[in-house]
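Notes for the structure review
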Amino acid sequence: RLRDFQFAREKRRRKYGRAKPWGILGLYDHLSGVKIDVEWAEDAAWRRTHRQPYLTWCDFEATKNEGFNRPFFTFLTVSSCTAMMFTSIFVNGWKFEPLSVNPMVGPSAET
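Residues numbered from 1 in each chain as written. Predicted model: local features only at pLDDT ≥ 70, side-chain atom pairs only at ≥ 80, totals over all residues. Heavy atoms only, no water.

**Re the pattern of salt bridges**
Where we set the bar: Note on definitions: salt bridges are taken to be side-chain nitrogens of Lys or Arg within 4 Å of carboxyl oxygens of Asp or Glu. For helices the rule is a DSSP run of H or I covering at least 4 residues; for strands it is a run of E covering at least 2, with both sets numbered from the N terminus onward. Partly exposed residues are those whose accessible area sits between 20% and 50% of the maximum for their type, while under 20% is buried and over 50% is exposed, using a 1.4 Å probe and protein chains only.
Taken as a whole, this structure holds four salt bridges when the rule is applied. A salt bridge links Glu10 to Arg14; its shortest N-O distance comes to 4.0 Å. Taken as a pair, Glu10 and Arg14 lie in helix H1 (residues 2-16) at a separation of four residues, close to a single helical turn. On the accessibility criterion, Glu10 (29% relative accessible area) is partly exposed. Classification of Arg14 by relative accessible area gives exposed; the value is 58%. Taking the shortest distance from any N to any O, the salt bridge between Glu39 and Lys35 comes out at 4.0 Å. Taken as a pair, Glu39 and Lys35 lie in helix H2 (residues 23-49) at a separation of four residues, close to a single helical turn.

**Here we look at the packing of aromatic side chains**
Under the convention used in this document: Aromatic rings from Phe, Tyr and Trp, with only the six-membered ring used for Trp, were paired whenever their centres fell within 6.5 Å, and each pair was classed as stacked if the ring planes differed by under 30 degrees, edge-to-face if by over 60, and tilted otherwise.
On inspection of all chains with the given rule, the structure shows three aromatic pairs. Both rings, one in Phe7 and one in Trp40, keep their centres 5.4 Å apart while their planes meet at 40 degrees; by these two values the pair is tilted. You can see Phe7 sitting in helix H1 and its partner Trp40 sitting in helix H2, a full 33 residues away along the chain. Residue classification places Phe7 among the partly exposed positions, given a relative accessible area of 40%. Ring centres 6.4 Å apart and planes at 85 degrees place the aromatic pair Phe72 and Phe75 in the edge-to-face group. Separated by three residues within a single helix, Phe72 and Phe75 lie in helix H4 (residues 72-91), roughly one turn from each other.

See below:
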């Protein structure tokens, strides 16, 4: 399975390249790539034990893109946090607390 994982990782890197974003987006990109590689390796191991032909990388990606494979919870959480941030800034009269009070640059704790 490790060999299948390494093969999947190399195939994905050849197709998408090695450039990665920095920060939390880079971490998310790395972890989602590892997840896809592990899933392909598991699928390859299952097909090997059941004497089924392997899926090509393009066919595997096509099956992963079908259905409900979007991070809707993440989208909802980020959207609600952003909306609440703007709501609290609006309630505070579009003013920020001084940096000596709130070094994270935001509204007061009362709002």
